[in-house]
Amino acid sequence: MLPANPAKVAPTYASRREIFGWAMFDFANQAYTLLIITVVFGELFTTVIVGDRGDGFRLANFLWSLALALSYLMVVLTAPLCGAVMDYRAEKKRFLLISYLATVATTAMLYFVEPGYVVAGLLLIILSNYAYSMGESFIAAFLPELGPPSALGKISGFGWALGYIGGLFAAGFTLMVLGEATADNFERIRWVGPFAAGFFLVAALPTFLWMKERGVPQPHAVSYRRIALQRVRSTFTELRYFKDLTVFLVSLLFSMAGVYIIIAFAFIYGAQVIGWDESVRNIMFIIVQITAAAGALGFGFLQDKLGAKRTYQMTLALWVIAIVSIWATPELTDWVNSHYAVQWQAQYVFLVVGCLAGLSLGSNQSASRALVGVFSPLEKSAEFFGFWGLANKLAGVFGIVMLGILQTLIGLQASILLCVALFVIAMLICAGVNEQRGRDAALAWKRSA
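Residues numbered from 1 in each chain as written. Predicted model: local features only at pLDDT ≥ 70, side-chain atom pairs only at ≥ 80, totals over all residues. Heavy atoms only, no water.

Caption draft 1: Molecular detail of the overall build of the protein chain. The secondary structure content of the protein chain amounts to 19 helices and 0 strands. Within the protein chain, contacts between residues separated by at least 24 positions form 85% of all contacts whose residues are at least 6 apart in sequence. Total accessible area on the protein chain stands at roughly 17,100 Å², and carbon and sulfur atoms take up 69% of it. (Helix = DSSP H or I, 4+ residues; strand = E, 2+ residues; numbered from the N terminus. Contact = heavy atoms within 4.5 Å. Areas by Shrake-Rupley, 256 points an atom, 1.4 Å probe, with all protein chains shown as cover.)

As structure tokens, then:
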């Protein structure tokens, strides 16, 4: 929630309108995440465009994971370079606009991907997800400018919560108008790409109308490429000074590997392992968005009271419980039915698990973004959030490729336990982060800059 009176709470707050404009980008881009990556197009690609080749969809799942991994690898190679240029030339808003327009164009073109057009589908997912993922880093780089470190938790949580509300609007239209991701319904559901693109295009307009570019451009005597390489080299050296940010980014690498697996495969898991009906899938749409919004808002306020590190670790523990529950859903359902003489279906038990996953998803992503904001000097925010994007997407490459290979060997249900190991490792690494020391390092850099 926005501060009641920014002028009295702290002089460093941006205006209500600017914070809202920043958060609207989360509202807008959730249509892409939800409809293209998490739910509709992922299921459409694996079950219809590629289809079952007699292998239980293992090839289709592997190709889907390959497309996402390649797009994330492209982010790994370019996000820090773009962040360095954005800081040096004060062009965060310009770079954000380019990524936004590229996402809209390539997502709209998914309409032309028909059953059997596997290469075209792969190419457009790689390009659209790359542009979308770069935009995630670019918009996050504005966060440290919106308020003091003590308020970044609730500002970040407000953005994530608004994003999941945007997902509800996008999902509502899809459920009522476009229907299910099946071959019989292909002529309607193929419009999911143009709809997600149009939603993003319109809903993100307040971001570009109200967000301010506060940086001061430096002299531009050399090429962007030279600026980027010089700045990134110097930042790698300076990261030794920002020890706690560096350790946290390593922890984030493991935690986000697990998160990206869930984002990419949760609804595919529901279709292939749980075998849910369309009505149950539709209910899960809504449950995940509501609980994720509640998690982002609730943990955002909690973070400003308990501290960002402690809140982040709590969200990882919640993830471990959620993943074990996802894996155990079929067996747990059978056990309950045999011991208590009831006839529950696994798909309805899975809805309860969806509540845990939604809470984990919203809270974890909000907490991690805010913690990077706390550790980032304003003068290097775009650059550091470029490294945040690098850690996020390197995690995507690592996690999704591992899951893609693992599920070809042992199946999707057993492979999901990989996420438990990733979240536990992230918790252990994060134990070495000293939040106060990280805050002090960012403040000291501001004074000396």
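Back to the write-up after that little detour.
Caption draft 2: Main features of the pattern of salt bridges. The final tally for this structure, using the stated rule, is 7 salt bridges. Across the pair arginine 190 and glutamate 114 runs a salt bridge whose closest N-O atoms are separated by 3.1 Å. With arginine 190 in the loop between helix 8 (186-189) and helix 9 (192-203) and glutamate 114 in the loop between helix 5 (92-108) and helix 6 (118-140), this residue pair connects regions lying 76 residues apart in the sequence. Glutamate 114 sits in the partly exposed class, given a relative accessible area of 29%. Here arginine 437 makes a salt bridge to aspartate 244, at a shortest N to O gap of 2.7 Å. Of this pair, arginine 437 sits in helix 19 (residues 435-448) while aspartate 244 sits in helix 12 (residues 243-274), and the two are 193 residues apart along the sequence. Among the charged side chains, a salt-bridge network with shared partners connects Lys92, Glu145 and Glu213. (Salt bridge = Lys/Arg side-chain N within 4 Å of Asp/Glu carboxyl O. Buried < 20%, exposed > 50% of the residue type's maximum accessible area, 1.4 Å probe, protein only.)

Caption draft 3: Inspection of the nonpolar core at higher detail. Counting 147 residues, the largest nonpolar core has Trp22, Leu35, Phe41, Phe45, Trp64, Phe248 and Trp319 as the members making the most contacts within it. The greatest single-element share of this core, amounting to 18 residues, is contributed by helix 12. Ignoring any residue separated from it by four or fewer positions in sequence, one finds tryptophan 64 in contact with Ile36, Ile37, Phe41, Gly42, Phe45, Thr46, Ile125, Ala264, Phe265 and Ile268. (Core = buried A, V, L, I, M, F, W, Y, C linked by side-chain atoms within 4.5 Å.)

Caption draft 4: Inspection of helix 5 at higher detail. Taking 1.5 Å of rise per residue, the 17 residues of helix 5 would be expected to cover 24 Å, and the 25 Å separating its terminal C-alpha atoms lies within 8% of that figure. By the burial criterion, the buried members of helix 5 are Lys92, Phe95, Leu96, Ser99, Tyr100, Thr103, Val104, Thr106 and Thr107. (Expected span 1.5 Å × (residues − 1).)

Caption draft 5: Examining the environment of lysine 380 more closely. Structurally, the position occupied by lysine 380 is in the loop between helix 15 (346-374) and helix 16 (381-410). Distance from lysine 380 to tyrosine 88, taken between C-alpha atoms, is 8.8 Å for residues 292 residues apart in sequence.

Caption draft 6: Representation of the environment of isoleucine 139 in the model. Tracing the sequence through the fold places isoleucine 139 in helix 6. Between the C-alpha atom of isoleucine 139 and that of methionine 211, which follows or precedes it by 72 residues, the distance is 10.0 Å. Beyond its immediate stretch of four places on either side in the chain, isoleucine 139 contacts Trp22, Phe25, Leu96 and Thr207.

Caption draft 7: Spatial organisation of the packing of helix 12 against helix 18 (residues 418-430). Here helix 12 crosses helix 18 at 160°, and the two axes come no closer than 8 Å. By the angle class used here, helix 12 and helix 18 are roughly antiparallel. Handedness of the crossing formed by helix 12 with helix 18: left-handed. Here Val247, Phe248, Val250, Ser251, Phe254, Ser255, Ala257, Gly258, Val259, Ile261 and Ile262 of helix 12 lie close against helix 18, whose contacting residues are Leu418, Cys419, Leu422, Phe423, Ile425, Ala426, Ile429 and Cys430. Across the contact of helix 12 with helix 18, the residue classes break down as 16 nonpolar, 3 polar and no charged. (Axes fitted to C-alpha atoms, helices over the stretch in contact; angles between N-to-C directions. Parallel < 35°, antiparallel > 145°, perpendicular 65-115°, else oblique. Left-handed = near helix turned anticlockwise from the far one by under 90°. Nonpolar A, V, L, I, M, F, W, Y, C, P; charged D, E, K, R; others polar.)

Caption draft 8: View of a nonpolar patch on the surface. Taken together, the side chains of Leu97, Leu101, Leu201, Val202, Leu205 and Leu209 make up a nonpolar region of the molecular surface, amounting to roughly 540 Å² of accessible area. Every element with two or more residues in the nonpolar patch is listed here: helix 5, helix 9 and helix 10 (205-210). Looking at where valine 202 falls in the secondary structure, it is placed in helix 9. A relative accessible area of 55% places valine 202 in the exposed class. (Patch = residues over 30% accessible without salt bridge, like charges linked within 9 Å, V, L, I, M, F, W, Y side chains within 5 Å.)

Caption draft 9: Molecular detail of the environment of glycine 295. You can see glycine 295 is positioned in helix 13 (residues 278-306). Sequence separation between glycine 295 and tryptophan 160 is 135 residues; the distance between their C-alpha atoms is 9.2 Å. Apart from residues lying up to four places away in sequence, glycine 295 is in contact with Gly300, Leu359, Gly362 and Ser363.

Caption draft 10: Broad picture of the side chain of asparagine 185. Turning to its location among the elements, asparagine 185 is positioned in the loop between helix 7 (152-178) and helix 8. Owing to a relative accessible area of 11%, asparagine 185 belongs among the buried residues under this scheme.

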